Amino acid sequence: MTDESQEDQSKHMLGLETILVRGGQTRSAHKETSEALFLTSGFVYDSAEEAEARFKGEAPGYLYGRYANPTNTMLQERLRALDGAQACRLTASGMAAVTAALIAPLRCGDHVIAGKALFSSCRWVIETFMPRYGIEVTLVDSTDLAAWKVAIQPNTKMLFLESPSNPTLEISDIEAIAAIAHSAGARLIVDNIFASPILQRPFEHGADVVVYSTTKHMDGAGRTLGGAILGLSSFIEEHIDPYLRHTGPAMSPFVAWNVLKGLETLSMRVERASDSAAKLSDLIANHKAVRAVRYPFRPDHPHYELAKRQMKSGGTLVAFELVGGKKAAFAFLDALKIVDISNNLGDSKSLATHPATTTHYSFAPDVQLDLGVTPGLIRLSVGIEACDDLCRDIAVALDAALTVE
Ligand SMILES: *Cc1c(COP(=O)(O)O)cnc(C)c1O
């Protein structure tokens, strides 16, 4: 598929499933079927004159692996088409993408507002790291639109949110928060990692920048770490490109190649895991060991209507609180036979974690409670195993959680 046919693709609005398999592919002279892995850090020139012309931008071609690589270009183009963005850049991890998107456009004296229910590293970057460089920060309850409005200041440049949030699966109103950002002349960054581009399309709701950890559903097999930043070409070229080129958090072409192959099955995996997660959330909700379950497409979710409007399905994650607190949570985890104990997510393998002692361990107890990270909270990332097997495994482990009370 040539670059021109890539243009044609967007004109004809190809389905997501087609973009996932074919988007962005360019073939070498060998006409390989599968995307080629160009595992090279550098590129050579036929003449000194050509090298000069390429560096001046007067001749096309690659310069150096920190700037661009043909395998990475295929992935960038596939992700760009998938989300309907103008431009995409890759990074070595999801956190490198979040950090670049937040910091590269800002200056000392600028102000950022972020939803406080965040992945713990996102929260550290925003709450601890950015203020060291004179960037002001306000954290708000992301589900409270009035709180976002009140937090706006004349120097507000960026709003940041995660929806669904980690680990309590809160849903934020992307459209309304984008409108608040825009009326203040600020940009909204959406961390779309939990939903993936299959279940939620933040640009269609007004987001300016979308960030991903390709580590999660996109790789899908738990192999590689990576990240992506999507947005307008003007934003990417002015703010993100100089930052990435000179600070160097480049994605390895080997990782990009893995993610290209992972994307081919993304919709099948996410849809199936999401179907299983919906079934499991009902099973969990009806068990005596459970105080409450959070799943965006269950009518008892506090933002059910919004989730229905904003997402295609409820997603692959379920959060629930056990009546018996930490002891019950540990008994549940230790009784699992199929589901693994792991703080990763978005894998083909189902994974369960106890956020209070792992992902959110570093937060003070009052901050944990403020975020809904209670001692009895379990976060379950549902994989693509046979749903019956998962149901049995979870049911037996919930029974075990009852015995500690
Ligand atoms: C995993 C994750 C990240 C960070 O991604 P890495 O690839 O681990 O660096 C950021 N935000 C959310 C919501 C995540 O789940």
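Residues numbered from 1 in each chain as written. Predicted model: local features only at pLDDT ≥ 70, side-chain atom pairs only at ≥ 80, totals over all residues. Heavy atoms only, no water.

An unreviewed UniProt entry lists the protein under the name O-succinylhomoserine sulfhydrylase, with Candidatus Phycosocius spiralis given as the organism. You can read under Pathway (unreviewed entry) in the UniProt record for the protein the words "Amino-acid biosynthesis; L-methionine biosynthesis via de novo pathway; L-homocysteine from O-succinyl-L-homoserine: step 1/1." Under the heading Subunit (unreviewed entry), UniProt records this for the protein: "Homotetramer." (UniProt positions renumbered as here; feature names shortened; annotations may be inferred.)

A.B. asks: In this structure, what is going on with the pattern of salt bridges? I would like to understand it.
C.D. replies: Note on pairing: side chains with opposite charge can pair once their charged atoms come close. A complete count under the given rule lists 17 salt bridges for this structure. A salt bridge links E271 to K312, with the nearest nitrogen and oxygen atoms 3.5 Å apart. Pair noted here: E271 is in helix α12 (residues 266–285) and K312 is in the loop between α13 (304–310) and β9 (317–322), with a separation of 41 residues, a long-range link. You can call K312 exposed: its relative accessible area is 51%. A salt bridge links R392 to D389; its shortest N-O distance comes to 3.4 Å. Of this pair, R392 and D389 are both found in helix α16 (residues 387–402), three residues apart, which corresponds to roughly one turn of the helix. Residue R392 is classed as exposed on the basis of its relative accessible area of 51%. Residue classification places D389 among the partly exposed residues on the basis of a relative accessible area of 30%. What you see here is one network of salt bridges that share partners, running through E35, R78, K261 and E264. (Salt bridge = Lys/Arg side-chain N within 4 Å of Asp/Glu carboxyl O. Helix = DSSP H or I, 4+ residues; strand = E, 2+ residues; numbered from the N terminus. Buried < 20%, exposed > 50% of the residue type's maximum accessible area, 1.4 Å probe, protein only.)

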